[in-house]
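Here is what each chain is made of, one letter per residue.
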Amino acid sequence: MPGKRHVRLINLAKWLVESAWVALRLFQERCEEELLWAAEMIKIKAQDLKGKEVRVNTSLLYQQTKFNLQQEKSEGYAKLGIPMSSVEVLEINSKITAACKSEDQTGGRDLVAKIKKWIKESERNKRCIVDYGAVSVLAAAFESFSKTCLDEHVSVLEEILSTLTLLFPLAGEALTYLGSASSMHCMVWFLKSGDLSRRRNTVLVLREVISSDHRRVNMFLEIEGAIESLYTLIKEPICPTATEASFVVVYHMITSASAADKPIQKFVDMGLPMREALGVLDGLCSSDYGRGEAYNNSLIFPVITEFSVSILWKLCKNEKREEKTAFVEALQVGAFQKLLLLLQVGCADKTKGQVTELLKLLNLHRARWECIDSMDFKSLKRPF
């Protein structure tokens, strides 16, 4: 091809992509490597790209059980995993919104599956999907399909939840859509189902929703079967990730100021052991996600100490049994010395007040029930 015509073709190709008339992906699928390199549509030199394409096609040759050489066609640069464009994201967002309006479950599910496929292809695709609003569109679609008959829209709702788990952390409008009444009812309905994958994806998304706004806890608690479904996930764990997410949701439920008594009473009545209740924080620290949250919280270690002292303080101060079993068991495991050591080392004012009161209460019974050798703590100053 003459030089001038070649330059004009390159400039035209650039203009078509820059003006969004033609998607970059289409050029990369259909054009020769030399043109793509000259038009700055690929970062790999044409010669290197050809070599890579040969290696990919050779690999495919040995992977296919039935291979017909005459039917083999080059798929160009797209075969090597090219990034998607903003135009494609905006286009599929529009199609998903249209599918919601027409209640086209099949079409909506296929579109969501396409987004999931893009996400898995590369981290760059994931960033593009997030940057151009696909997360909010998916969340809005979930709310839309959850407003009508759930039985008819199970497949698309499942696909949306599965895709959203790949886009954490969720934020903004997405959480608003997922925190709506219809969305929350749908998630509880999924939690009560027998499908393990569905329940896992649901509790992971629910963790994002509940953690973002405590006001949604009350809405969740008002839904029939919500607490029971979480209790089942803890008692009959699916996987460590789902269990950890369940612990997070339970934690927010029992620490919600406006709804504290109801979930606690229900969990106790259902037989949730104290060991598992204390295991909420331990469960959070059993995964990379939970430990990451803990490390990012500069108050995590004071909080652990505060909770431990607070639990012991509540059990001992409110002991109404004549035999005072709480004092006996606390003294037998060395609670007095440990609390005294904490007071010497230092702690928050609220915790210090509880420690001081506990020491006074326990000191009344030390002579009869303490089983720890006092010489082990001879260097401590004892004001009692």
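One can find the structure itself at the top, above this paragraph.
Reading the values: the criteria
- Residues numbered from 1 in each chain as written.
- Predicted model: local features only at pLDDT ≥ 70, side-chain atom pairs only at ≥ 80, totals over all residues.
- Heavy atoms only, no water.
- Helix = DSSP H or I, 4+ residues; strand = E, 2+ residues; numbered from the N terminus.
- Buried < 20%, exposed > 50% of the residue type's maximum accessible area, 1.4 Å probe, protein only.
- Areas by Shrake-Rupley, 256 points an atom, 1.4 Å probe, with all protein chains shown as cover.
- Contact = heavy atoms within 4.5 Å.
- Phe/Tyr/Trp six-rings, centres within 6.5 Å; stacked < 30°, edge-to-face > 60°.
- Lys NZ or Arg CZ within 6 Å of the ring centre and 35° of its normal.
- Salt bridge = Lys/Arg side-chain N within 4 Å of Asp/Glu carboxyl O.
- Axes fitted to C-alpha atoms, helices over the stretch in contact; angles between N-to-C directions.
- Parallel < 35°, antiparallel > 145°, perpendicular 65-115°, else oblique.
- Nonpolar A, V, L, I, M, F, W, Y, C, P; charged D, E, K, R; others polar.
- Patch = residues over 30% accessible without salt bridge, like charges linked within 9 Å, V, L, I, M, F, W, Y side chains within 5 Å.
- Expected span 1.5 Å × (residues − 1).
- Core = buried A, V, L, I, M, F, W, Y, C linked by side-chain atoms within 4.5 Å.
- Left-handed = near helix turned anticlockwise from the far one by under 90°.

Asks: I'd like a rundown of the overall build of the protein, residues and numbers included.
Replies: Within the protein one finds 23 helices and zero strands. Counting every position in the protein, which comprises 384 residues, the buried fraction comes to 43%. Counting every atom, the protein has about 22200 Å² of accessible surface; 54% of that belongs to carbon and sulfur.

Asks: I'd love a proper account of helix α14 (residues 226–235), names of residues and values included.
Replies: In terms of burial, α14 is largely enclosed, as seven of its 10 residues are buried. Taken together, the buried positions of α14 are A226, I227, S229, L230, Y231, L233 and I234.

Asks: Hey, could you go over the environment of I119 for me, with residue numbers and the actual values?
Replies: For I119, the position within the fold is in helix α6 (residues 105–121). I119 sits in the buried class, given a relative accessible area of 8%. Excluding residues within four positions of it along the chain, I119 makes contact with K126, I129, T163, L166 and L167.

Asks: Describe the environment of L196, with residues and values.
Replies: Relative to the helices and strands, L196 resides in helix α12 (residues 196–212). Of the residues examined, L196 reaches a relative accessible area of 49% and is grouped as partly exposed.

Asks: Please give an account of the environment of L24 that cites residues and values.
Replies: Position of L24 relative to the elements: it lies in helix α2 (residues 24–30). Accessibility expressed as a relative area gives 26% for L24, which makes it partly exposed. Once the C-alpha coordinates of L24 and S86 are considered, the two residues, 62 residues apart in sequence, prove to be 10.0 Å apart. Here L24 is in contact with V17 and M41, once residues within four sequence places are set aside.

Asks: An account of the packing of aromatic side chains is needed here, citing residue identities and associated values.
Replies: By the definition in use, this model includes one aromatic pair. Across the ring face of F190, the terminal group of R198 is positioned such that the distance to the ring centre comes to 5.1 Å.

Asks: Any details on the pattern of salt bridges? Residues and values, ideally.
Replies: Note that side chains of opposite charge can pair when their charged atoms are close. Summed over the entire model, instances satisfying the criterion amount to nine salt bridges. Residue E121 pairs with K117 through a salt bridge whose shortest N-O separation is 2.8 Å. With E121 and K117 both in helix α6 and four residues apart, the pair spans about one turn of that helix. Assessed through its relative accessible area of 37%, E121 is described here as partly exposed.

Asks: Could you give an account of the packing of helix α9 (residues 154–164) against helix α11 (residues 181–191), with specific residues and numbers?
Replies: Where α9 contacts α11, the two axes come as close as 12 Å, and the packing angle between them is 95°. With respect to α11, the axis of α9 lies roughly perpendicular. Here V154, L157, E158 and L161 of α9 lie close against α11, whose contacting residues are C186, W189 and F190. Of the residues in the contact of α9 with α11, the class split is six nonpolar, no polar and one charged.

Asks: Talk me through a nonpolar patch on the surface; I want residue IDs and the actual numbers.
Replies: Taken together, the side chains of L9, L12, W15 and W21 define a hydrophobic patch exposed on the protein surface, amounting to about 480 Å² of accessible area. Mapped onto the elements, W15 comes out in helix α1 (residues 3–18). Residue class for W15 comes out partly exposed when judged on its relative accessible area of 48%.

Asks: Residue-level account of helix α15 (residues 240–254), with values.
Replies: Between its terminal C-alpha atoms α15 stretches 21 Å, which fits the 21 Å expected from 15 residues at 1.5 Å a residue. Listing the buried residues of α15 in full gives A242, T243, E244, A245, S246, F247, V248, V249, V250, H252 and M253.

Asks: Which residues make up the nonpolar core, and what are the values?
Replies: If you look at the biggest cluster of nonpolar residues, it comprises 60 residues, and the most contacted ones within it are I96, I129, V205 and F220. Those residues within four positions of I129 in sequence are excluded, and the remaining contacts are M84, V89, I115, W118, I119, A134, V135 and L167. Core analysis: the second largest hydrophobic core is formed by 16 residues, V309, A330, L339 and V355 among them.

Asks: With reference to specific residues and values, describe unusual backbone geometry.
Replies: That bond from F168 to P169 is cis: its omega, 0°, falls within 30 degrees of zero. Mapped onto the elements of the fold, P169 is located in the loop between α9 and α10 (173–178). Not every positive phi belongs to a glycine, and E103 is a case in point at roughly 55°. Here E103 lies in the loop between α5 (86–101) and α6. E103 gets classed as partly exposed once you look at its relative accessible area, which sits at 46%.

Asks: I'd like to hear about the packing of α11 against α12, residue by residue, with values.
Replies: Remark: α11 packs on α12, axes separated minimally by 9 Å, with the N-to-C direction vectors making an angle of 145°. Where α11 crosses over α12, the two elements pack in a sense that is left-handed. Contacts between α11 and α12 involve M184, M187, F190 and L191 from the former and R198, R199, T202, V203, V205, L206, V209 and I210 from the latter. In terms of residue class, the contact of α11 with α12 is made up of nine nonpolar, one polar and two charged.

Asks: Describe the side chain of Q354, listing the residues and the values that go with them.
Replies: Here Q354 is to be found in helix α22 (residues 349–363). A residue is classified by how much of its surface remains accessible, and Q354, at 6% relative accessible area, is buried. Residue contacts for Q354: discarding those within four places in its chain leaves V309, S310 and W313.

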